[in-house]
Amino acid sequence: MPATAQSRRARLVRRVVIAGTGAAILALPVVGATTASAATTSTTASTTLAGYPNTLDGWIRESLAIMAQKGIPGTYNGIYRNVIRESSGNQYAINNWDSNAAAGTPSKGLLQVIDPTFNAYHVAGTSYDPYDPVANITAACNYAAAVYGSIDNVYGAY
């Protein structure tokens, strides 16, 4: 499929998903990332270790709690908007096609963070796994705060 057709298809599917429920978003883990490979999202626990639901909503709320403790700005809506654009809510999304990937550092996780950025902006108390949803969101928000003032100010690739 030509790239423009893929792009149009991805935007259409993304709109359909955004109009649907949160469950629809999780049921379509690769929407919007048609050229990225991704492992199947599977969660076995119903809550995270911190007691939040083991869902996109829970991951965002847990990240916001950590961010509040660390003084990292950001809102639920800003995080959610960027997660949907970057990975469609797939915690295992990986971009294997852009310039970062070509350089050997593919973007990973919910907010598509490359390893050097994840490591530089990792927030103490979260996992060192870039695919861990809470660690990925919190590190990406820490980076966005340093560069853009907040994840709320990010409206495109960052």
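Here's what I pulled together on the structure shown here. (Residues numbered from 1 in each chain as written. Predicted model: local features only at pLDDT ≥ 70, side-chain atom pairs only at ≥ 80, totals over all residues. Heavy atoms only, no water.)

**Notes on helix H4 (residues 76-87)**
For H4, with 12 residues, the first-to-last C-alpha span of 16 Å sits near the 16 Å given by 1.5 Å per residue. For H4, the full list of buried residues reads Gly 78, Ile 79, Asn 82, Val 83, Ile 84, Glu 86 and Ser 87. (Helix = DSSP H or I, 4+ residues; strand = E, 2+ residues; numbered from the N terminus. Expected span 1.5 Å × (residues − 1). Buried < 20%, exposed > 50% of the residue type's maximum accessible area, 1.4 Å probe, protein only.)

**Some words on the packing of aromatic side chains**
Evaluated as defined, the whole model comprises 4 aromatic pairs. With a centroid separation of 6.3 Å and 10° between ring planes, the pair formed by Tyr 76 and Tyr 80 is classed as stacked. With a gap of 4 residues between them, Tyr 76 and Tyr 80 both fall in helix H4, about one helical turn apart. Residue Tyr 76 is classed as partly exposed on the basis of its relative accessible area, which comes to 28%. Here the aromatic residues Tyr 121, Tyr 143 and Tyr 158 are joined through ring pairs into a cluster of three or more. In this structure, Arg 81 packs its charged tip against the face of Tyr 155, placed 3.9 Å from the ring centre. (Phe/Tyr/Trp six-rings, centres within 6.5 Å; stacked < 30°, edge-to-face > 60°. Lys NZ or Arg CZ within 6 Å of the ring centre and 35° of its normal.)

**Observations regarding the environment of Ser 87**
Turning to its location among the elements, Ser 87 is positioned in helix H4. Expressed as a C-alpha distance, the spacing of Ser 87 and Lys 108, which sit 21 residues apart in the sequence, is 8.8 Å.

**Section: the packing of helix H3 (residues 56-70) against helix H7 (residues 133-148)**
Each packed pair of helices is defined by two parameters, the angle between the axes and the distance between the axes. It is at 9 Å that the axes of H3 and H7 come closest, and there the two elements cross at 50°. Between H3 and H7, the crossing angle belongs to the class labelled oblique. Crossing angle aside, the handedness with which H3 passes H7 is right-handed. On H7, the residues touching Trp 59, Ile 60, Glu 62, Ser 63, Ile 66 and Met 67 of H3 are Pro 133, Val 134, Ile 137, Thr 138 and Cys 141. Its residues assigned to classes, the contact of H3 with H7 shows 8 nonpolar, 2 polar and 1 charged. (Axes fitted to C-alpha atoms, helices over the stretch in contact; angles between N-to-C directions. Parallel < 35°, antiparallel > 145°, perpendicular 65-115°, else oblique. Left-handed = near helix turned anticlockwise from the far one by under 90°. Contact = heavy atoms within 4.5 Å. Nonpolar A, V, L, I, M, F, W, Y, C, P; charged D, E, K, R; others polar.)

**Quick word on the nonpolar core**
In terms of nonpolar packing, the biggest core is built from 23 residues, with Leu 56, Ile 79, Ile 137 and Cys 141 touching the most fellow members. Elements that contribute at least two residues to this core include exactly H3, H4 and H7. At 7 residues, the largest contribution of residues to this core is made by H7. Setting aside residues up to four positions removed in sequence, Ile 137 forms contacts with Trp 59, Ile 60, Ser 63, Ile 79, Leu 110 and Leu 111. (Core = buried A, V, L, I, M, F, W, Y, C linked by side-chain atoms within 4.5 Å.)

**Considering the environment of Ile 60**
Its location among the elements puts Ile 60 in helix H3. Each C-alpha atom of the pair Ile 60 and Pro 133 lies 8.3 Å from the other, and the pair is 73 residues apart in sequence.

**Points about the pattern of salt bridges**
Side chains bearing opposite charge may pair, as long as their charged atoms lie close to each other. The final tally for this structure, using the stated rule, is 3 salt bridges. The salt bridge partner of Asp 57 is Arg 61, with a shortest N-O separation of 3.0 Å. Of this pair, Asp 57 and Arg 61 are both found in helix H3, 4 residues apart, which corresponds to roughly one turn of the helix. A relative accessible area of 30% means that Asp 57 is categorised as partly exposed. Residue Asp 115 pairs with Lys 108 through a salt bridge whose shortest N-O separation is 2.9 Å. Given the relative accessible area of 28%, Asp 115 is considered partly exposed. (Salt bridge = Lys/Arg side-chain N within 4 Å of Asp/Glu carboxyl O.)

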